Amino acid sequence: MIRIDRKPQLFSFRVAGLIFRDGYILAQRGVKDDYWALPGGRAEIGESSQETILREMREELDRDVRIERLLWTVESFFTYEGYAAHELGFYYLLSMDDDFPFHETDTVHRIVDGVEVEFRWLRANRAARGDHVLKPQFIADRLDRLPAAVEHVILREGLSRQAAKETAA
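Just so it is clear, the model here is predicted, and its values are computed rather than measured.

Remarks on helix α1 (residues 49-61)
Because each turn of an α-helix spans 3.6 residues, side chains separated by three or four positions in sequence point in the same direction.
Stage number 1. Taking 1.5 Å as the rise per residue, α1 with 13 residues should run 18 Å; its terminal C-alpha atoms sit 18 Å apart, in good agreement.
Stage number 2. Taken residue by residue, α1 has Ser 49, Thr 52, Ile 53, Arg 55, Glu 56, Met 57, Glu 60 and Leu 61 as its buried positions.
Stage number 3. Following α1 by one or two positions, Asp 62 adopts a phi angle in the positive range, close to 60°.

Spelled out as structure tokens, the structure:
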């Protein structure tokens, strides 16, 4: 996996997918986390972002998916467990031909991938999502209006540019 981990800095290359069903989106979280993320994972050396998302979905969901299109490339800067983190992310719209468990309020799948991870369908409508926090926030805000063409986004969440420079020094 591509991750450079030298406290106080962390760099990772993450690829994730948006899978919709009946007005819901599939999300994952570590059972101890207070937020949800899109299913996916870190790229491995020599692996394209497309290869990564296909592999990650097979590993995590035990399903094959089809890549519809790339939605966003994201440079994200944030703080995480004492790290000044920099994540390069690719977010794909995916479809799944195989049936996957569905429930409007309960966990539908669990795996252990270093930590226990649970999967749940969250309402894709922000107003209806309730107390579920989906990160990165900009995606949560755009679920009902996906871009027509690939967008490149630079995010600074919880870490100012000056703080990032000071941490790097």
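That covers the picture; the talk isn't over yet.
Some remarks on the confidence of the model for the protein chain
Stage number 1. In the predicted model, the protein chain carries a mean pLDDT of 89, and 90% of its residues have values of at least 70.
Stage number 2. When mean pLDDT is taken per element in the protein chain, α1 scores highest with 97 and helix α3 (residues 161-168) scores lowest with 45.
Stage number 3. Per-residue pLDDT stays below 50 along residues 160-169; that stretch engages in six contacts with residues further than four places along the chain or on separate chains.

Let's talk about the side chain of Glu 60
Stage number 1. Structurally, Glu 60 is set in helix α1.
Stage number 2. The buried charged residue Glu 60 lacks any salt bridge, with Arg 14 as its nearest oppositely charged partner at 6.2 Å.
Stage number 3. Those residues in contact with Glu 60 that sit more than four places away from it in its chain are Gln 28, Pro 39, Gly 40, His 109, Ile 111, Asp 113 and Phe 119.

What to know about unusual backbone geometry
Stage number 1. In this structure, Pro 136 follows Lys 135 across a cis peptide bond, with omega equal to 0°.
Stage number 2. Mapping Pro 136 onto the fold places it in the loop between β8 (115-123) and α2 (137-142).
Stage number 3. Here the phi dihedral of Asp 62 falls at roughly 60°; this positive angle occurs in a residue that is not glycine.
Stage number 4. By the secondary structure assignment, Asp 62 is in the loop between α1 and β5 (66-80).

Here is what the cut-offs are and how they apply
Residues numbered from 1 in each chain as written. Predicted model: local features only at pLDDT ≥ 70, side-chain atom pairs only at ≥ 80, totals over all residues. Heavy atoms only, no water. Helix = DSSP H or I, 4+ residues; strand = E, 2+ residues; numbered from the N terminus. Expected span 1.5 Å × (residues − 1). Buried < 20%, exposed > 50% of the residue type's maximum accessible area, 1.4 Å probe, protein only. pLDDT = per-residue confidence, 0-100. Contact = heavy atoms within 4.5 Å. Lys, Arg positive; Asp, Glu negative; His and termini not counted. Salt bridge = Lys/Arg side-chain N within 4 Å of Asp/Glu carboxyl O.

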